[in-house]
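Below are the chains, spelled out letter by letter.
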Amino acid sequence: MNFRAASLLVALTGFIALSLELVWTRLYYFLSATRAYAFATMLAAYLLGLAIGSLWSIRVQRRCENSTPAEQSASVARLVLWANIAGWALTPLVSWMAATRTWGPFQNGIPPYVFTYPLVALAAGWLGTLLPLICHFAVPPDAKVGSRLSKLYLANIVGAGAGSLLTGFVLMEYIPIRWISWLLLFLGTAIYVVLSSCTRKALLRGVAVVGIGAAATPPLYWQFWERLQNEYTWGKGRDFTQIIESRSGVITIDQEGHIYGGGAYDGVVDVSPVNTPWLVRAYALSAMCANPEEVLVVGLSGGSWAQITANNPAVKKVTCIEINHSYKEVIASHPIVSSLLQNPKVEIIIDDGRRWLERNPDRKFDAILMNTTHHWREFAGNLLSKEYLTMAAAHLNPGGVFQYNATDSLRVHQTALEVFDHVNLLVNNVVIWNGPPVFDEKRWRPVLENYTIDGKKVFDLANPRHRRVFDLFLALADTPSKEPGDLLSINDSEGKPLWPSEKERQQFRLQTRVQMQHACREGGASAITDDNLGHEYRWW
Amino acid sequence: MANAVPSGALSMEIPPDPPRTAIPGSGTFAVTRPVLYAIFFLSGVSALIYQLCWQRALLTVFGSNVESAAIVVSSFMVGLGIGSLFGGWVSERPGLPLLLAFSLAEFIIGTFGVFSLDIFKATAASVSGSNLAVTAAVCFLLLLLPTLFMGSTLPLLVTHHVKSMGNVGKSVSWLYFVNTLGAATGAIIAALLLLAVFGMKTTVIIGAALNLLAAVLMFLNWLRERRAS
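1. Observations concerning the overall build of chain B
Broken down by element type, chain B carries five helices and zero strands. Helices (α) and strands (β) of chain B occur, in sequence order from the N terminus, as α-α-α-α-α. By the burial criterion, 55% of the 229 residues in chain B qualify as buried.

This is the structure we're talking about:
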């Protein structure tokens, strides 16, 4: 095989291999709700496939021992075609396999993606045969073998690098994953046709593959993201209302307004505390901070917290840092939060929150709010570690408050306890004060009574439903140092218990440092650091 | 030859070593293929341990957004590519012992590995606040040394292997197989055991220890080969 042609070929197959790896990475990240070990194990399956394919190539080499260059090209062409068909088919196949979770026998707690790894290895296996085979055909075993091989290897890496940039950076921004897969199939098929010397048979076969691929894509990908995301509830009538694919990831929104980033719950598009009482965590700012003029919101998501904060009468400026630029699109498409984008008080910066804070050491805030994602997701440790918390808290003004979602992790509680003196737990949010802890019900009451968002009052106190939530919020000031059982005796203005259920009594309250310490000791929780990565790789 | 393996079966056994007489001018080979493969397997294990840990560490210091991820992945690729050319160039130097060169490469990777996380942290602190171009340049320079030597190992070993085997395809296939199998093993043990139990620093040290072990084993084999010739 001609060396230049071989170089181009390994570059193109490197491009396809890396692009497919990116597509599969997105698939497995989403399927696992962005768990770090799911990516690593998928990568292991991919590499295992490449390894086995490499060994399999010896068999192909033997078969082609005395063949002509044209026959050699035809052998490579067939492998390229099969590799691309397998690579294209894998993505929808995995999503359909994921749907088996809705059947009883498969609801046994084992993540469904585990069963799909052999498919990854199989698809990667075809790709793995190519590099050794092309080297065999293009590099003679003479004294220059090292340098020739290195050039082919370089071409393969250049192709892979181009795949990483073009597919990961450009294609994923503008084209849905289903059509990226099809484009890769198209490219692989084109290589097949050219390597087969554009014979009539190869052309017909190529047209058939590409045509069938295009026709099969819409039905194969029907409810694709729904199947991958919904563990046990996938089915007709559960279509997402919004799906945004971009280079930063995939955002989905269900019919109840719940937002999911990379397949993991990421908040709700709602600002009404009557519908969503847990929004108290955003409304409570004035109870905990005397003068929250300058606020930093790390992680914008659907904009609910930022919208509530920006409409707090005491707040003069809100700086929002969001890593995924597509959330602006989500906000723009929901009228209850869309005014955020025009609010002169609000500045939205697309950046990594940790990096932004490190780059802006002089920016100080009266409050830092982070409705942090699940503690077990990849990179969650970056916003929960001792090192980060110490750095972030250095941006607080005296009397400032730093509040973030612990998502019920005792290790997150323990980390805060080890780093700070003034720590409380508001519902599931750790609250840190740069000064003595305070939860001032008297200061908060008039703020809540007059709270308006886009000119509309949040609480209509003549409405019993609203009044009840209003009373529940203010009663939080009485909950520290109370045991959950004691909350049963606290009633609303109509004499009904504010905490009727055991679950609410356990969770919907304000807990002191001592109570947090007790729970952490009982649970044997250890702190999260940049080194131990918290829960990220804890698969058990 | 074409029918040496039964149809439908994958030949997993290592082919028997050829006689210890090499092609003219290339010396005598005392290193058996299983030993060579075992060493290259270790190299693959450590490479993926590094990739997972370094990627995580660099994305922590440079930001975990898609631009930073692209910079880190591209830096890996560029380094490996230059390393590949470097390995090819080294492999053509007459009289240069390839096994010793491989051993040295593993030693340098392992030594860098030991200090890598501290180097990343210190460098990141010094460029905090820089723009994307500076970040990309720094990331590339940080990864250049280890990836240069990582990329050089395949051409070095293939050249050595071809001298004993006389077949490029088989040499690449076997070496690529063991190295990639090692990489898959590295990804699994790092993700499912090392990172969760020991954390980043210890995991990277384990990766470095594997490099240094590979360096020592290859050095001993080089000595053996030199004595034999």
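2. A few points about the overall build of chain A
The secondary structure content of chain A amounts to 20 helices and 14 strands. Judged by the C-alpha coordinates and their principal axes, chain A covers about 90 × 50 × 45 Å. For chain A, with 540 residues in total, the buried portion stands at 60%. Counting 48 positive and 45 negative side-chain charges, chain A places the averaged centre of each group 8 Å from the other.

3. Remarks on helix H17 (residues 441-449) of chain A
All names here are of chain A. Inspection of H17 places Trp-444, Val-447 and Leu-448 among the buried residues, and these make up the whole buried set. For H17, the angular spread of buried residues about the axis comes to 95°, placing them on one side. Looking at the packing, one finds that the buried side of H17 touches helix H9 (280-283), helix H10 (285-288) and helix H18 (464-475).

4. Topic: the interface of chain B and chain A
Of the residues lining the interface, 70 residues belong to chain B; the matching set on chain A comes to 66 residues. If you sort the residues of chain B by the area they bury against chain A, B:Arg56, B:Met77 and B:Tyr176 come out on top, with a joint share of 11%. Salt-bridge contacts for B:Arg56 lead to A:Glu536; the nearest nitrogen and oxygen are separated by 2.3 Å. Summed over the shared surface of chain B and chain A, the result is 19 residue pairs in polar contact (both at pLDDT 80 or more). Going through the elements one at a time, helix H1 (33-62), helix H2 (66-91), helix H4 (132-165) and helix H5 (168-228) of chain B are the ones with two or more residues in the side of chain B that touches chain A. The leading source of residues in the side of chain B that touches chain A is H5(B), at 23 residues.

5. Regarding the packing of H1(B) against H4(B)
Packed helix pairs are specified by the crossing angle of their axes together with the interaxial distance, meaning the distance between the axes. Residues and elements named next belong to chain B. Relative orientation of the contacting elements H1 and H4 amounts to 170°, with a least axis distance of 12 Å. Classified by the angle between their axes, H1 and H4 sit roughly antiparallel to one another. Looking at the contact of H1 with H4, its residues break down into 17 nonpolar, four polar and one charged.

6. Observations concerning the packing of aromatic side chains
What characterises a pair of aromatic rings is the spacing of the ring centres plus the angle enclosed by the ring planes. Residues and elements named next belong to chain A. Per the stated rule, a full pass over the model turns up 29 aromatic pairs over all chains. Measuring from ring centre to ring centre gives 5.8 Å for Trp-24 and Tyr-46, while their planes differ by 70°; the resulting arrangement is edge-to-face. Placement of the pair is Trp-24 in helix H1 (residues 3-31) and Tyr-46 in helix H2 (residues 36-63), with a sequence separation of 22 residues. A cation over an aromatic ring shows up here: Arg-35 above the ring of Trp-376, its NZ or CZ 4.1 Å from the ring centre. Against the face of Phe-169 rests Arg-247, its NZ or CZ located 4.8 Å from the ring centre.

7. A closer look at the domain arrangement of chain A
Residue and element names in this part refer to chain A. According to the domain assignment, chain A consists of domain 1 (3-229) and domain 2 (268-523). Computed over C-alpha atoms only, the centres of domain 1 and domain 2 are separated by 46 Å. Listed per partner, the contact involves six residues of domain 1 and four residues of domain 2. Taken together, both faces of the contact between domain 1 and domain 2 bury some 500 Å²; the carbon and sulfur share is 42%. Of all residues in domain 1, Thr-34, Arg-35 and Glu-173 bury the most surface against domain 2, accounting for 61% of the area lost on that side. The tally of links from domain 1 across to domain 2 stands at zero salt bridges. Scanning the region where domain 1 abuts domain 2 turns up four residue pairs in polar contact (both at pLDDT 80 or more). Residues that form the side of domain 1 that touches domain 2 fall into these classes: three nonpolar, one polar and two charged.

8. Concerning unusual backbone geometry
Residues and elements named next belong to chain A. With phi around 40°, Thr-407 is a residue other than glycine that occupies positive phi space. When you line up the elements, Thr-407 lands in the loop between strand S9 (396-405) and helix H16 (410-419). Looking at Thr-407, the relative accessible area reads 13%, which means it is buried. Phi is positive for Asp-454, which is not a glycine, with a value near 55°. Note that Asp-454 resides in the loop between strand S12 (452-453) and strand S13 (456-457). The class of Asp-454 is partly exposed, set by a relative accessible area of 45%.

The rules we used
Residues numbered from 1 in each chain as written. Chains lettered and ligands numbered in written order. Predicted model: local features only at pLDDT ≥ 70, side-chain atom pairs only at ≥ 80, totals over all residues. Heavy atoms only, no water. Helix = DSSP H or I, 4+ residues; strand = E, 2+ residues; numbered from the N terminus. Buried < 20%, exposed > 50% of the residue type's maximum accessible area, 1.4 Å probe, protein only. Lys, Arg positive; Asp, Glu negative; His and termini not counted. Charge placed at Lys NZ, Arg CZ, Asp CG, Glu CD. Arc of directions from axis to C-beta. Contact = heavy atoms within 4.5 Å. Buried area = accessible area lost by both parts, 1.4 Å probe. Salt bridge = Lys/Arg side-chain N within 4 Å of Asp/Glu carboxyl O. Polar contact = N/O pair within 3.5 Å; in protein donor to acceptor, adjacent residues only side chain to side chain. Axes fitted to C-alpha atoms, helices over the stretch in contact; angles between N-to-C directions. Parallel < 35°, antiparallel > 145°, perpendicular 65-115°, else oblique. Nonpolar A, V, L, I, M, F, W, Y, C, P; charged D, E, K, R; others polar. Phe/Tyr/Trp six-rings, centres within 6.5 Å; stacked < 30°, edge-to-face > 60°. Lys NZ or Arg CZ within 6 Å of the ring centre and 35° of its normal. Domains from an automatic or database assignment.

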